[in-house]
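Single-letter residue listing:
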Amino acid sequence: MTQPSLHPYSTCQTAAWSALTLSLVLGLSSAWAQTSTAPIATPPAAASPARALVGVARLDSVWVQPEREAPASVVARNVSRLSAETAGTLLRWTADVGATVKRGDVLAQIDPRDAELGVQRAQAALDASNARLKLAQAQLQRSKELVAQGFFSQEALAQRETEVALVHTEASANRAQLATAQRQLGKTTLRAPFDGSVTERLAQAGEAVAPGNVLYVMADSGPAELATSLSPADVAGLRATQAARFETPGASHAVRLLRVAPTVTAPARTQAARLAFADATTAPAAGTSGTLRWQEAAPHLPPGLMVRRQNVLGVFVQQGSGAQATARFVPLPGAQEGRATAVALPADTPVIVRGQAALQPGQAIDAQAVGQ
């Protein structure tokens, strides 16, 4: 059998496809070789912050000594609510509102008759005990003499001694009972506990009173004190100052700090403080309200120079000089927005006072002196 002959057109088509395939393979190989030998491009490096033009001034040319203030009022050292200590009918009162009294002065008198009867009963019981004690002691002395003569036994003598001890104990108890009754009698008279003035009188003649009923309110007439409440941030400044004063309309009084409560009250978050007047003779009357003012002794940085970085308030200062100058961030612990803050840096520290808002820690700077 003879093989069918290939058509001339089929043979030519097959040869063309083979040539095209070879060309594509060679082209791809050449492109791959060029790609593999070409250098890999690296991303451009991050640009460092540009040098910042800032203004610089010495710290001692910009710091301030701010004046603080707080509301305050004059208070008496003692304001006592005097109560009845025994029950009875109020017979009379002797001092009214506004009266000035001395320590020991009678303010009110409660009916003392029941207390006087109690004193009489206690006195009678004590007298009886003393009489029995006297008799027992005489019998004991006689018994000792009889024992010496051989007419009394030791057992009988011991009994006499026991009787004397028992009566002696009874007399001591009655003596204490008498002192208690006398004390109750003394409580029927209400007396002033200190020199002062009457601010309230709640006693009314003829009323029945009981222990605990307030009859008078008295204010001490001694040196008054100034009471105020301070923010914890102001305590150190008030302790250090030497120029505190209490101001009222038309008057100013020098004061000095006495004590500050160590605890912080809630919810106001303040600390109570007491101050004394430098001249007690010219101190305002208790109840006078006014303003306590003092100047901080320590240097403070103005709030406009402070910036916040990483949620911390601080100040930028110049570190280095010339082309090596950079901005250094100094945190200020306890600093508050809008409030001058104490600073412990040296007086000649170069503080950045202009252009600090956009600075970053460690950024290169061109510093220019700023005149103050």
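The sections below set out a description of the structure shown in this document. (Residues numbered from 1 in each chain as written. Predicted model: local features only at pLDDT ≥ 70, side-chain atom pairs only at ≥ 80, totals over all residues. Heavy atoms only, no water.)

1. Here's the deal with the pairing of strand 11 (residues 225-230)
Here is step 1 of the chain: Across the six residues of strand 11, five count as buried, placing the element largely inside the fold.
Here is step 2 of the chain: Relative to strand 11, strand 2 (residues 67-75) is paired through four bridges, and the arrangement is antiparallel. Looking at strand 11, one finds that Ser-73 is bridged to Ala-227.
Here is step 3 of the chain: Strand direction decides the pairing type here: strand 11 and strand 14 (residues 271-277), joined by six bridges, are antiparallel. (Buried < 20%, exposed > 50% of the residue type's maximum accessible area, 1.4 Å probe, protein only. Helix = DSSP H or I, 4+ residues; strand = E, 2+ residues; numbered from the N terminus. Pairing = 2+ DSSP bridges.)

2. Some details on the packing of aromatic side chains
Here is step 1 of the chain: Across all of its chains, the model carries two aromatic pairs by this definition.
Here is step 2 of the chain: Lying across the ring of Trp-93, Arg-201 places its NZ or CZ 3.8 Å from the centre. (Phe/Tyr/Trp six-rings, centres within 6.5 Å; stacked < 30°, edge-to-face > 60°. Lys NZ or Arg CZ within 6 Å of the ring centre and 35° of its normal.)

3. Here we look at the pattern of salt bridges
Here is step 1 of the chain: Under the counting rule described, the total for this entry stands at 18 salt bridges.
Here is step 2 of the chain: With a shortest N-O distance of 3.1 Å, Glu-296 and Arg-68 are connected by a salt bridge. Here Glu-296 is found in the loop between strand 15 (289-295) and strand 16 (300-301), whereas its partner Arg-68 is found in strand 2, with 228 residues between them in sequence.
Here is step 3 of the chain: Given the relative accessible area of 6%, Glu-296 is considered buried.
Here is step 4 of the chain: For the salt bridge of Glu-225 with Arg-274, the shortest nitrogen-to-oxygen distance reads 3.0 Å. One end of the pair, Glu-225, is in strand 11; the other, Arg-274, is in strand 14, with 49 residues separating them in the sequence.
Here is step 5 of the chain: Taking relative accessible area as the criterion, Arg-274 reaches 28% and is therefore assigned partly exposed.
Here is step 6 of the chain: The network of salt bridges with common partners includes Glu-67, Glu-69, Arg-245, Glu-247 and Arg-293. (Salt bridge = Lys/Arg side-chain N within 4 Å of Asp/Glu carboxyl O.)

Remember that the coordinates give geometry; whether it matters functionally is a separate question.
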